[in-house]
Amino acid sequence: MPATPAWPPKSAPRLFVPDQLGPGRIVALDGPQAHYLGKVMRVREGDVVILCDDATGEWAARVAQAGKRDVVLEVADMLRPREAVPDLWLCAGLLKKDRFDLVLEKATELGAGRIQPVITRRCVADKLNLDRARTLTIEAAEQCALTALPELCETVKLDALLAGWPEDRVLYFADENGGEPAASAFAAHKGAPAAILTGPEGGFDEAERAAIRTHPCARPISLGPRILRGETAAIAALGLWMALAGDW
Ligand code: SAM
């Protein structure tokens with residue numbers, strides 16, 4: 001008995017769209033997304049495209065029209081509801097562009113619920129192109145067939161971050177000067193909302209370190225005996241969290 005082919009085909013293009021999806025909804029795409037479908041994936045009327053809205057979930061849609069500059073799709077069936085991700089924020093010291101790109105991509109894949117870029121006194125970079133950053137997280141999610149995007153925040157200065165910190169959220173502070181081993185801290189975590197804070201290339205200065213450590217929600221953690229690059233620390237800490245307190 002020949003196996004029935006998987007539907008939709010694994011090769012079906014996958015896109016995040018801003019509109020909330022539902023059965024029968026019409027989605028009209030133009031610009032880069034229409035170019036990707038029309039010129040790169042060469043979709044034709046009747047072809048299936050997988051659409052996600054980062055709200056309801058993942059849907060199969062049929063191409064109703066494939067024009068030169070726009071593609072119109074009709075949403076058919078829900079394939080998967082939006083996946084739940086652990087309530088974990090990554091507050092990462094802003095790094096140089098290509099390094100922070102890696103943080104954005106890997107934090108998306110690893111299931112961070114929110115990415116909060118933080119400006120500290122030793123940051124080399126001082127601004128983030130949010131549109132470009134959003135595109136990177138969407139591309140990472142599309143490539144890994146995720147149905148949920150991390151919330152991506154505008155950069156914030158460390159003192160403002162601490163001043164406005166929600167009192168129910170544990171702030172695991174990755175301190176290169178030392179702290180509780182991250183593994184034991186995360187293994188003992190009891191499900192409260194959490195965040196991981198990592199520094200930039202130059203780390204935290206002493207005044208920043210003192211301000212973080214005196215915050216009532218802060219828990220200093222160590223990521224081992226070696227000094228890691230900022231992007232390595234963020235990615236390693238996220239992976240450890242997902243394994244010990246997340247949903248791996
Ligand atoms: N300026 C620091 C130095 O030379 O000692 C290095 C900072 S490191 C490149 C960037 C960030 O990664 C640190 O601020 C910290 O948040 C995190 N990090 C790196 N290694 C770590 C470790 N062994 N334990 C905890 N956090 C670490």
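Residues numbered from 1 in each chain as written. Predicted model: local features only at pLDDT ≥ 70, side-chain atom pairs only at ≥ 80, totals over all residues. Heavy atoms only, no water.

What follows deals with the state of the cysteines. Per the counting criterion, the structure on display carries 0 disulfides. Just so you know, C217 is unpaired, no disulfide at all, and the nearest cysteine sulfur is the one on C91, 12 Å from it. The exposure class assigned to C217 is buried, which follows from its relative accessible area of 12%. (Disulfide = S-S within 2.5 Å. Buried < 20%, exposed > 50% of the residue type's maximum accessible area, 1.4 Å probe, protein only.)

Looking at the assigned domains, one finds that the protein contains domain 1 (14-81) and domain 2 (88-244). Each side of the interface is counted separately: domain 1 has 8 residues, and domain 2 has 8 residues. For the pair domain 1 and domain 2, the summed buried surface comes to about 720 Å²; carbon and sulfur atoms form 58% of the total. Sorting the residues of domain 1 by area buried against domain 2 places R14, F16 and D54 first, and these three jointly supply 72% of that buried surface. At the boundary of domain 1 and domain 2, one finds 3 residue pairs in polar contact (both at pLDDT 80 or more). Residue assignment for the side of domain 1 that touches domain 2 shows that the elements contributing at least two residues are β1 (14-16) and β5 (70-81). With 3 residues, β1 is the single largest residue contributor to the side of domain 1 that touches domain 2. Residues of the side of domain 1 that touches domain 2, tallied by class, amount to 4 nonpolar, no polar and 4 charged. (Domains from an automatic or database assignment. Contact = heavy atoms within 4.5 Å. Buried area = accessible area lost by both parts, 1.4 Å probe. Polar contact = N/O pair within 3.5 Å; in protein donor to acceptor, adjacent residues only side chain to side chain. Helix = DSSP H or I, 4+ residues; strand = E, 2+ residues; numbered from the N terminus. Nonpolar A, V, L, I, M, F, W, Y, C, P; charged D, E, K, R; others polar.)

Under the definition given, this model contains 5 aromatic pairs. Centre to centre, the rings of W89 and W165 are 5.5 Å apart; their planes meet at 75°, and the pair counts as edge-to-face. Residue W89 is found in strand β6 (residues 88-93), and its partner W165 is found in the loop between α4 (158-163) and β10 (170-174); the two are separated by 76 residues along the sequence. Taking the relative accessible area as the measure of exposure, W165 reaches 8% and is therefore buried. (Phe/Tyr/Trp six-rings, centres within 6.5 Å; stacked < 30°, edge-to-face > 60°.)

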